[in-house]
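Examining the three-dimensional arrangement
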Amino acid sequence: MKIGKATVPRTAISTSDAHSIVIRGQDLSKDLIGKISFVDHFFFLLTGKYPTSGQSEVLNATLVAIADHGLVPSVQAARMTFAAAPDALQGAVAAGILGCGSVILGASETAGRMYSEIDVLVTAGKPLGSAAHEVMKSWRAAGRSIPGYGHPQHKERDARVDALFAVSRSARTDQRFIEIAAAVEALMPDVLGKPLKLNVSGAIPAVLLGAGFPVEALRGIPILARTAGLIAHLYEEVRQPIGFALSYQATREMEYEGTLPAGFGMNE
C-alpha cells in the first residue's frame, strides 16, 4: 500500500538522534535514568504521564502479587524449553509468556472489561447491584464465564485480594471498581449457583482501573510480572535443573490408548 502524507506511520513513545534518546518527550539520560523507578517508567511509557504516588503504589503491588505462582504451566513450559535449548534464554521466556490467554494470566483483562461494562451502566444511573446482575446474566447468556472468581486451591478469598485492596485504600485511588468487584462476588450464588470468591485476577483490574490504568493494557500486567518470575526460574534451572524431570513426569502420567503393533513390549 502506498503511504501518503495522511497515512505516515507515527509514534509518540520514543525517538533518537546522534546525541540523545527521547522517551515521551523526556531525555532518557538526563531526565529519567536514576530519577524514576522502573514501575513509574512503565506507567510513563504506557500513558505519557508520570504516575501519582498512589498510582505507583497500586501498580507496584499488582506486579509483586503475580510475579510468581509456583510451577504453573507457563513456568513448566519455560523450564522444559530451556532444558532443551539452554543457549536461548529469550526463547524459554517467550515459551512461558505465550500461554497468556483467557485461562492463565489473561483473566485480568477479561475481568476488567466486564467491570468496565458494569461501570458504564452505573454511571448512567443504574444501581450497582442491578448493573452487575445485568452484565453477568448477559455474559452467561453469551456462553462466557465470569472471570476473576474461584480458585482451585484458595476456596475462600485469595489472600492477595484483600492485600491489594488494602494498598488501594491506603493509596487513596478510586474505589468504585473494587465496589463493582465485590458486587459481582455477592451475586455469584444467584448467577452461577455457587459462592465463588474473588481471586487475584479479579482484584488486579479492580485496583488498577481505579488507579487510572487503561483497560486495553491490562493483559500487559501479568506478562510483565511473570517475565520477572520466569527469569528467576530459568536462573534456577541453570543451577538446579528440573526441566527434563518435568517432561519425564508427563510421560509417566500419560496412558497410551491407541493401537499397538503385534509383539509390542514382549521383549521387555
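Read on for a plain summary of the structure.

Quick notes on the rules
Every residue gets a number counted from 1 within its own chain, in the order that chain's sequence is written. pLDDT decides what is reported in this predicted model: residues at 70 or higher carry local features, side-chain atom pairs at 80 or more are listed and counted, and totals for whole chains, interfaces and linings draw on all residues regardless. Side-chain calculation: all heavy atoms of the structure are included, whereas hydrogens and water are not. Of the two site types, the cavity is a set of points on a 1 Å grid over the protein atoms alone where a 1.4 Å probe fits but cannot get out, and the pocket is an open set with protein on both sides within 12 Å along at least five of seven lines, each lined by residues with an atom within 4 Å of a point. Grid points are joined across faces, edges and corners, and a volume is the space filled by probe spheres set on the points. Note on conventions: DSSP H or I runs of at least 4 residues are helices, E runs of at least 2 residues are strands, and numbering of each starts at the N terminus. When residue character is reported, Ala, Val, Leu, Ile, Met, Phe, Trp, Tyr, Cys and Pro are called nonpolar, Asp, Glu, Lys and Arg charged, and the others, Gly included, polar. What counts as an axis is a line fitted to C-alpha atoms, over the stretch in contact for a helix, and the angles between N-to-C directions run from 0 to 180 degrees. Here roughly perpendicular refers to angles of 65 to 115 degrees, roughly parallel to angles under 35, roughly antiparallel to angles over 145, and oblique to all remaining angles. Every residue pair with non-hydrogen atoms within 4.5 Å of one another is taken to be in contact. Within this scheme, the nonpolar core is defined by two criteria: the residues are buried Ala, Val, Leu, Ile, Met, Phe, Trp, Tyr or Cys, and they are joined through side-chain atoms within 4.5 Å. Accessible area is worked out with a 1.4 Å probe on protein chains only. A residue is then buried under 20% of its type maximum, exposed over 50%, and partly exposed in between. Salt bridge, as applied in this entry: a Lys or Arg side-chain nitrogen positioned within 4 Å of an Asp or Glu carboxyl oxygen.

Estimated volume of the largest pocket: approximately 690 Å³. Residue lining of the largest pocket: 29 residues in total, with V103, I104, A107, N199 and S201 positioned closest to the centre. Of all the secondary structure elements, the ones that give two or more residues to the lining of the largest pocket are α6 (107-123), α10 (200-210) and α11 (220-239). Classifying every residue of the lining of the largest pocket by side-chain character gives 15 nonpolar, 11 polar and three charged.

Packing of helix α8 (residues 159-171) against α10 leaves a shortest axis separation of 9 Å and a crossing angle of 10°. The angle between α8 and α10 places the two elements in the roughly parallel class. For the pair α8 and α10, the contacting residues are R160, V161, L164, F165 and S168 in the first and V200, A203, I204, A206 and V207 in the second. Among the residues forming the contact of α8 with α10, the class breakdown is eight nonpolar, one polar and one charged.

Before going further, it helps to examine the nonpolar core. Ranked by internal contacts, the top residues of the largest apolar core, which has 48 residues, are Y115 and V184. Counting residues per element, the ones that place at least two in this core are α2 (38-47), α3 (53-65), α6, α7 (128-141), α8, α9 (176-192), α10 and α11. With nine residues, α9 is the largest single contributor of residues to this core. Grouped together as the second largest cluster of nonpolar side chains are nine residues, V75, A78, A92 and I97 included.

A word on the pattern of salt bridges. As enumerated under the stated definition, the model contains 10 salt bridges in all. E109 is the partner of R113 in a salt bridge, and the nearest nitrogen-oxygen pair spans 3.3 Å. Highlighted residues: R113 and E109, both in helix α6, separated by four residues, approximately one helical turn. Its relative accessible area of 13% is what places E109 among the buried residues. The closest approach of N and O atoms between D162 and R157, which form a salt bridge, is 2.8 Å. Taking relative accessible area as the criterion, D162 reaches 39% and is therefore assigned partly exposed. In this structure, a network of salt bridges that share partners links the residues R79, E236 and E237.

By the element assignment, V207 lies in helix α10. Under the relative-accessibility criterion, V207 is labelled buried at 1%. Residues V207 and T173 lie 34 residues apart in sequence; the distance between their C-alpha atoms is 8.0 Å.

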